[in-house]
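# Secondary and tertiary structure notes
Spelled out from the first residue to the last, the chains are:
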Amino acid sequence: MSPIDLHLLAELKGVVDIAPREMKADGYLGVREDGAFVIRHRAGARQTRTRFTIAHEIAHILLAEVEGQSLNRDGNYRRDASEEMAVNRIAAELLIPELIVSREIRRDFGEGRLPRWSFVFHLAKRFNVSCTAMVLRLLELPSINAISFRVSIEGLGQHNPFCSTENKWMRLANGVDYEMDRVWRESRRTNKHQLAIALDGQELTVDCEGELREFATRLGDAKVYWLVGWHVPGFSG
Ligand SMILES: [Zn+2]
């Protein structure tokens, strides 16, 4: 059960009806003559997608509220790309609140566990979002120093290098082995989809959008992993 009850939030914000509809768009926020809101989401969409759509439409209401804009039919309310971007950020916070996710990560990290995919899956399930959405959210949270990148490892013969504390080293795509702690400590995100690794004068910029499904594919003799990890300041674990 997700910690966030979207339907309750929608109700509190004046939404009286949420229902699927056959349409091309993901969602739609309608205003009835009496000023009540209705939300429509695309019929047949995945449940996680539908949740995002509902959060997105609620975010429109919230943003209009703080901007003092009217969403009424006769208002001259305009939606542009920057508005949609802002709304998506609000929706992400509604679905995966930073406070809650960072508390979970700090607890896990504090118990001495290493970052690992199984925990990302756990979080995605807990917040009822797709795994990709979960990873992208982790990467954009200021309070979590999370990174994602591609690592090729030869002959390890195991599926998840983070499942074992024995793997203190990782070989990055430039062929150099790095101490894992250093990678966590020194890597920096450049934006929410890119990671900059700057170690020993080598600079790598890694795109992490859209390639998560490749996280354990074979490339010649090496296994190529898409990894996600985080370093939590204040813990020595
Ligand atoms: Zn929108």
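Below: a short report on this structure. Predicted, not measured: the structure shown is a model, and the values here were computed from it.

## Thoughts on unusual backbone geometry
A negative phi holds for most residues other than glycine; trans holds for most peptide bonds. Phi at Asn128 is positive, roughly 55 degrees, even though this residue is not glycine. Within the element layout of this structure, Asn128 appears in the loop between α5 (117-127) and α6 (131-140).

## Description of the coordination of the zinc ion
Looking at the zinc ion, one finds its protein donor set to be His56 (NE2), His60 (NE2), Glu84 (OE) and Glu84 (OE), positioned 2.1 to 2.8 Å from the metal centre. Considering all 4 donor atoms around the zinc ion, angles at the metal cover 51 to 130 degrees and the coordination shape is irregular. The sequence pattern formed by the donor residues of the zinc ion is H-x3-H-x23-E. Separated by 4 residues within a single helix, His56 and His60 lie in helix α2 (residues 47-67), roughly one turn from each other. Comparing His56 with His60, the two get one shared label, buried.

## Considering the pattern of salt bridges
Considering all chains together, one arrives at 9 salt bridges under this definition. Here Arg40 ties to Asp17 by a salt bridge, and the two come within 2.9 Å at their closest N and O atoms. Of this pair, Arg40 sits in strand β3 (residues 37-42) while Asp17 sits in strand β1 (residues 15-21), and the two are 23 residues apart along the sequence. Using a relative accessible area of 32% as the deciding quantity, one classes Asp17 as partly exposed.

Conventions adopted
Residues numbered from 1 in each chain as written. Predicted model: local features only at pLDDT ≥ 70, side-chain atom pairs only at ≥ 80, totals over all residues. Heavy atoms only, no water. Helix = DSSP H or I, 4+ residues; strand = E, 2+ residues; numbered from the N terminus. Donors = N, O, S within 2.8 Å, 3.2 Å for Na, K, Ca; no water. Tetrahedral: all angles 85-135°; square planar, octahedral: opposite > 155°, others 65-115°. Buried < 20%, exposed > 50% of the residue type's maximum accessible area, 1.4 Å probe, protein only. Salt bridge = Lys/Arg side-chain N within 4 Å of Asp/Glu carboxyl O.

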